[in-house]
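# Results of the structural survey
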Amino acid sequence: MKKYNRLTAASLLIYLAMSILLFHRFQDNAPGTDVSYKVEVNQIIQGLESAGAFSEPDLRGMKSVKSVRFLSAEEESAAAIRLFYQNRNGMHMTVQPLFIEGQLSGYVRFDYAETPSRHTLWLAEGILLFSWMMLSALLWYIRQKILKPFHVLSEMPYELSKGHLQGEQPESRSRFFGKFVWGIGMLRDTLNTAKNRELTLEKEKKLLLLSISHDIKIPLSAIKLYAKALQNKVYPTEAEKLRAAAQIEHHAKEIELFVKELVNSASEDIVTLEVADSEFYLKDFADRIRAYYQPKCRLTMTDFKIGSYENNLLTGDMDRALEAMENLMENAFKYGDGKEIRIDFYEEDYCQVISVFNTGAPAAEEEMPHLFDSFYRGSNAGDKTGNGLGLYISRQIMQKMNGEIFAQRTADGMQFCLVFRRYDSYHPHYTDGR
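Residues numbered from 1 in each chain as written. Predicted model: local features only at pLDDT ≥ 70, side-chain atom pairs only at ≥ 80, totals over all residues. Heavy atoms only, no water.

A few words now on the overall build of the protein chain. Broken down by element type, the protein chain carries 11 helices and 10 strands. The burial tally for the protein chain puts 30% of its 434 residues in the buried class. Of the contacts formed within the protein chain by residues at least 6 apart in sequence, a portion of 66% connects residues at least 24 apart. Total accessible area computed for the protein chain in this model is approximately 28,400 Å², and 56% of it derives from carbon and sulfur atoms. (Helix = DSSP H or I, 4+ residues; strand = E, 2+ residues; numbered from the N terminus. Buried < 20%, exposed > 50% of the residue type's maximum accessible area, 1.4 Å probe, protein only. Contact = heavy atoms within 4.5 Å. Areas by Shrake-Rupley, 256 points an atom, 1.4 Å probe, with all protein chains shown as cover.)

As structure tokens, this is what we get:
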């Protein structure tokens, strides 16, 4: 804001400097100080005297003198004299006597213009002042309606990053930042929901751990008791020993069930995805992917190709579908060799299949069944950063949209396919109106 205030002050200084400069230039050429016409008058008089008689002079090279008239010294007509001295609008006049060989031959009238006129000065000053006032009004409007509200809005992401999720920013009447404020509001709501969910999950996790730890204590105590009895040879017969071993196995299975429940609960809490029941056009989806990844591929010198397709209407949440697609694209960048990434489209059994292929070393055959497991990372991950959740999240998204995802090994790379349901497969009477 300080730099903008300096810009406003600079515009005022520029206006004052231009105004003073214009005034001084007028003063240098103001009426009464401009004597250039006298030089031209003297030049014409000397030419006429040299010629020995009056003749119409050539005024093409003259800047001030515009016309010349002659009145003979012998002229006695009042009308001719009056016409000779008659004023011309917007012109100045001077009369010089013409002597030929020492004798008065007559009088020469010169009509000349002086520039700039005072009217021109005030007109220029007025235009300059009006321009500065318009510029000042524009700068003030930008400051009050755009920069000042944006300065307030710019604090919102910082506050959100600090965890201050309460309060809302009211939108101004101009609504220049309507979409920005709406987006920040959506972000605040999402963070607030995630925070509340995190607290709820943390509470539920602690309750679950307490419950399971309490439930495990009983079978664990029984196992310890039977094991100690066997160790101390409390059971004299083989039948009693077998019954004790069976009890140990029974209680061990109970503990195994508790552990399995704990693992399943932890796996389900990794991500919680909400998918909207909606539709979207394939062209809009492809355009979003192209707009984001084409520049990135250009920077990394990766050959990026998008195949042809029909603009089918697909069922699902477009934002979530883009999230699944982005996970596949990021995997292609991370684990491919950077030579080529290709997106192809084809239809199969009322479904739209979108495949993402990247060149490079494919995953090992024995790893293929585990690619979509949570926290699983293949042997080709190496030192690349990641948490093994990208493909897991993509599968969760596709399944919630009644779709599917699968992977295939190829001779020169990996191929991942997203399977979407076409809208007309659910609505057979639908026809694309586009």
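This brings us to the pattern of salt bridges. If you walk through the whole model with that rule in mind, you get 14 salt bridges. Of the charged contacts in the structure, one is a salt bridge between glutamate 249 and lysine 253, with a shortest N-O distance of 3.8 Å. Linking glutamate 249 with lysine 253, this pair stays in helix α7 (residues 238-268), spanning 4 residues, or about one helical turn. By relative accessible area, which is 46% here, glutamate 249 ends up partly exposed. The salt bridge involving aspartate 303 is made with lysine 305; its shortest N-O contact spans 3.7 Å. A relative accessible area of 37% places aspartate 303 in the partly exposed class. Taken together, the shared-partner salt bridges connect Asp303, Lys305, Glu340, Arg342 and Asp344 into one network. (Salt bridge = Lys/Arg side-chain N within 4 Å of Asp/Glu carboxyl O.)

The contact between helix α9 (residues 318-335) and helix α10 (residues 390-400) brings their axes to 9 Å, and the two run at 150 degrees. When the axis of α9 is compared with that of α10, the two are roughly antiparallel. For α9 against α10, the interelement crossing comes out left-handed. Facing Arg320, Ala321, Glu323, Ala324, Asn327, Leu328 and Asn331 of α9, the residues of α10 in contact are Gly390, Leu391, Ile393, Ser394, Ile397 and Met398. Across the contact of α9 with α10, the residue classes break down as 7 nonpolar, 4 polar and 2 charged. (Axes fitted to C-alpha atoms, helices over the stretch in contact; angles between N-to-C directions. Parallel < 35°, antiparallel > 145°, perpendicular 65-115°, else oblique. Left-handed = near helix turned anticlockwise from the far one by under 90°. Nonpolar A, V, L, I, M, F, W, Y, C, P; charged D, E, K, R; others polar.)

On to the pairing of strand β2 (residues 92-100). As defined by bridge partners, β2 adjoins strand β3 (residues 103-112) across 9 bridges and the pair is classed as antiparallel. Directly across from methionine 93, in β3, lies its bridge partner aspartate 111. Counted between consecutive antiparallel strands, the loop separating β2 from β3 contains 2 residues, among which glutamate 101 sits at a positive phi close to 50 degrees. (Pairing = 2+ DSSP bridges.)

With respect to the helices and strands, isoleucine 405 occurs in strand β9 (residues 404-409). Taking relative accessible area as the criterion, isoleucine 405 reaches 5% and is therefore assigned buried. Expressed as a C-alpha distance, the spacing of isoleucine 405 and leucine 418, which sit 13 residues apart in the sequence, is 4.7 Å.

Let us look at the packing of aromatic side chains. Each aromatic ring pair is described using two quantities: the centre-to-centre distance and the angle formed by the ring planes. Applying the stated criterion across every chain, the model contains 10 aromatic pairs. Plain terms: the ring middles of phenylalanine 285 and phenylalanine 420 are 6.1 Å apart, the flat faces sit at 65 degrees to each other, and that makes the pair edge-to-face. Here the residue phenylalanine 285 occupies a position in helix α8 (residues 282-299), and phenylalanine 420 occupies one in strand β10 (residues 413-421), the gap between them amounting to 135 residues. Aromatic rings pair up to connect Phe280, Phe285 and Phe420 into one cluster. In this structure, lysine 296 is placed above the aromatic ring of phenylalanine 333, and the distance from its NZ or CZ to the ring centre is 4.6 Å. (Phe/Tyr/Trp six-rings, centres within 6.5 Å; stacked < 30°, edge-to-face > 60°. Lys NZ or Arg CZ within 6 Å of the ring centre and 35° of its normal.)

A few words now on the sheet that holds β10. Backbone hydrogen bonds hold the strands of a sheet together, and the pairing may be parallel or antiparallel. Strand order in the open sheet formed by 5 strands is β5-β7-β8-β10-β9, and the pairing between neighbours is mixed. Lying at the two open borders of the sheet, with one neighbouring strand each, are β5 (303-306) and β9. Direction aside, the axes of adjacent strands within the sheet are offset by 20 degrees on average. Judged from the 9 bridges that link them, strand β8 (residues 351-359) and β10 form a sheet pairing that is antiparallel. Within β10, the residue paired with threonine 359 across the bridge is glycine 413. Running over the sheet, α9 touches β5, β7 (340-348), β8, β9 and β10 and is turned about 20 degrees from β8. Sheet strands touched by α10: β9 and β10. Its angle to β9, the strand with the most contacts, is close to 135 degrees.

Spatial ordering of the open sheet is given by β1-β3-β2, a layout of 3 strands whose pairing is antiparallel. The sheet is open, and its two edges are formed by β1 (65-72) and β2, each paired on a single side. Within the sheet, the average angular offset between the axes of one strand and its neighbour, ignoring direction, is 25 degrees. Strand direction decides the pairing type here: β1 and β3, joined by 7 bridges, are antiparallel. Each residue of the ladder has a partner; that of phenylalanine 70, found in β3, is valine 108. Lying over the sheet, helix α2 (residues 36-51) contacts β1, β2 and β3, oriented at roughly 25 degrees with respect to β2.

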